[in-house]
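# Survey of secondary and tertiary structure
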Amino acid sequence: MEKAITVKSLALANIKKKPYRTTALTILVALAAGVLFGTLLLTASIKGGLKGINTRIGADLMIVPQGYEAQAEGVLLSGEPSYFYLDKYIEETIKDIQGVAAVTSQFYLTSLSESCCDFPIQIIGFDPSTDFIVKSWARKKILQTSGDEIILAGSNITTEKNSVRFFEHSHNVTARLAKSGTGMDNVIYTDLSSLQKIFDDAKAKGFGFISDGDTRTKTSVIFIKLSDDAKPDSTAARIKGAVPGIQIIQSDKFVSGLMESISSFLIILYAVSVLVIIITVLTLSIVFTLTINERLREFSILRVLGADFKMLRLIVFAEADILGSIGAITGIFLSALILLPFNILISQKLNMPFMLSSPAAIIFFALITFLVIVAACYTAAISGAVKVSKKEVYEGIK
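Note that the structure is predicted; figures quoted are calculated from it, not measured. (Residues numbered from 1 in each chain as written. Predicted model: local features only at pLDDT ≥ 70, side-chain atom pairs only at ≥ 80, totals over all residues. Heavy atoms only, no water.)

### Quick notes on the overall build of the protein chain
When helices and strands are counted, the protein chain shows 11 helices and 12 strands. The proportion of buried residues among the 398 residues of the protein chain is 49%. Put simply, of all contacts in the protein chain between residues at least 6 apart along the chain, 79% involve residues at least 24 apart. Here the protein chain displays about 19,600 Å² of accessible surface, and carbon together with sulfur accounts for 61% of that area. (Helix = DSSP H or I, 4+ residues; strand = E, 2+ residues; numbered from the N terminus. Buried < 20%, exposed > 50% of the residue type's maximum accessible area, 1.4 Å probe, protein only. Contact = heavy atoms within 4.5 Å. Areas by Shrake-Rupley, 256 points an atom, 1.4 Å probe, with all protein chains shown as cover.)

As structure tokens, this is what we get:
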């Protein structure tokens, strides 16, 4: 039994008849789809990471040694190992300053070798008794009794049987930290006594750290929560007056500055995506228009056989739909194949806050990309469809 001739079958037949042209156009459409999907996913993930760092800093002010602002921000953004130290007594001095509601500190220790990761890891010691930052990220409530070891692993840290091994000693992970999309995901947090034990174990085995292990008299960063009526600028000025040789980072200014630099990057991403789509539409429009001249005889025969101009236009649009659908699906798949498995590596290379979007959001971005690309292909086919409508019935077979 012969198959009925339909608009879709005629469109497919023409696409199959020109394999090289079809392949080239599909690649072009797939490129546009991949760039658009990648842009949507990257921008949403970066914005998610920015939101994460805004909520996870958990302090109004951060105090670091003078000249170490960039290193402190590197730890926050990418977990890049670093070390710098303040005198511990500063923490006690700051507690009595007007406007300060709570104070806690963290000690940065950077390992040369470790078993849990493929790169030197930042180990951060914190005081559970004063902490108002780290424990709130834990996926379960942290309860500590005297002598208990607290080991909190960032979401990107690989553990074996829920433990990490440092210098021939295993340490049970107390809890995993919720993903933040920041450098904190690449860090291990531990209470100060356990941190000192790790340092002493390393020293006994002949291993080393790129830092001092004096957790009793030194600290790296002091975090301050302000009282409700306190202003960051005036409180920071009072702290600087009381404690020389320090640098104060205001969380709100840090986040807003980061947002400005990220916005510039996102604008470039959007611009590239729009440019690629415009090039795709223009190229497809030219191709569809030129091929009408090649297929003039085909369309004239269809007119003689009874096809009206509406059917001829539908054939052109059907070809655009098929090319757009195949190209969009291919581009989305290839882009996802690159971005999803390697999202952690990408976030490290970008050196920006990065929290991969949820599966529902990823599906939504794929759907938006598909619709935009197919719509672009339809737009490109308009000129060809209009040209078909203007041809005389027998012009192609005279």
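### As for the nonpolar core
Looking at soluble globular proteins, one finds that nonpolar side chains tend to be buried together. By size, the foremost hydrophobic cluster in this structure holds 71 residues, and its most contacted members are I53, L152, Y189 and F254. Residue contacts for I53: discarding those within four places in its chain leaves L76, L77, S180, T182, F254, L258 and P353. (Core = buried A, V, L, I, M, F, W, Y, C linked by side-chain atoms within 4.5 Å.)

### Some words on the pairing of strand β9 (residues 187-191)
When you tally the buried positions in β9, you get 5 out of 5 residues, the bulk of the element. Judged by which residues are buried, β9 turns out to be covered on both faces: V187, Y189 and D191 on one side and I188 and T190 on the other are all buried. Examined bridge by bridge, strand β4 (residues 122-126) and β9 share 5 bridges and lie parallel to one another. Counterpart to G125 in the pairing with β9 is T190. Here strand β5 (residues 151-153) runs beside β9; their pairing, made up of 3 bridges, is antiparallel. Directly across from L152, in β9, lies its bridge partner Y189. (Pairing = 2+ DSSP bridges.)

### Side note on helix α6 (residues 232-242)
Within α6, burial applies to T235, A236 and I239. Seen end-on, α6 carries its buried residues on one side only, within an arc spanning 100°. Elements that come into contact with the buried residues of α6 comprise β1 (61-65), α4 (89-95), β3 (100-110), β11 (221-226) and β12 (246-250). (Arc of directions from axis to C-beta.)

### Let's talk about the pairing of β1
Burial analysis of β1 places 5 of its 5 residues in the buried class, which makes it a mostly covered element. Across 3 bridges, β1 lies against β11 in antiparallel orientation. Of the residues in β11, the one forming a bridge with M62 is F223. Relative to β12, β1 runs antiparallel, the two being bridged by 5 bridges. Residue pairing for β12: V64 is matched across the bridge by Q247.

### Considerations on a nonpolar patch on the surface
A cluster of nonpolar side chains, namely F333, L334, L337 and I338, defines an oily patch on the protein surface of about 410 Å² accessible area. Inspection of the secondary structure puts F333 in helix α9 (residues 309-339). (Patch = residues over 30% accessible without salt bridge, like charges linked within 9 Å, V, L, I, M, F, W, Y side chains within 5 Å. Salt bridge = Lys/Arg side-chain N within 4 Å of Asp/Glu carboxyl O.)

### As for the sheet that holds β4
Across the sheet, which stays open at both edges, the 8 strands sit in the order β8-β5-β9-β4-β3-β11-β1-β12 with mixed pairing between neighbours. Where the open sheet ends on each side, the last strands, each with one partner, are β8 (175-176) and β12. Examined bridge by bridge, β3 and β11 share 6 bridges and lie antiparallel to one another. Note on β11: the bridge partner recorded for A102 is K225. The strands touched by α6 within the sheet are β1, β3, β11 and β12, with β12 carrying the most contacts at an inclination of about 170°. (Axes fitted to C-alpha atoms, helices over the stretch in contact; angles between N-to-C directions.)

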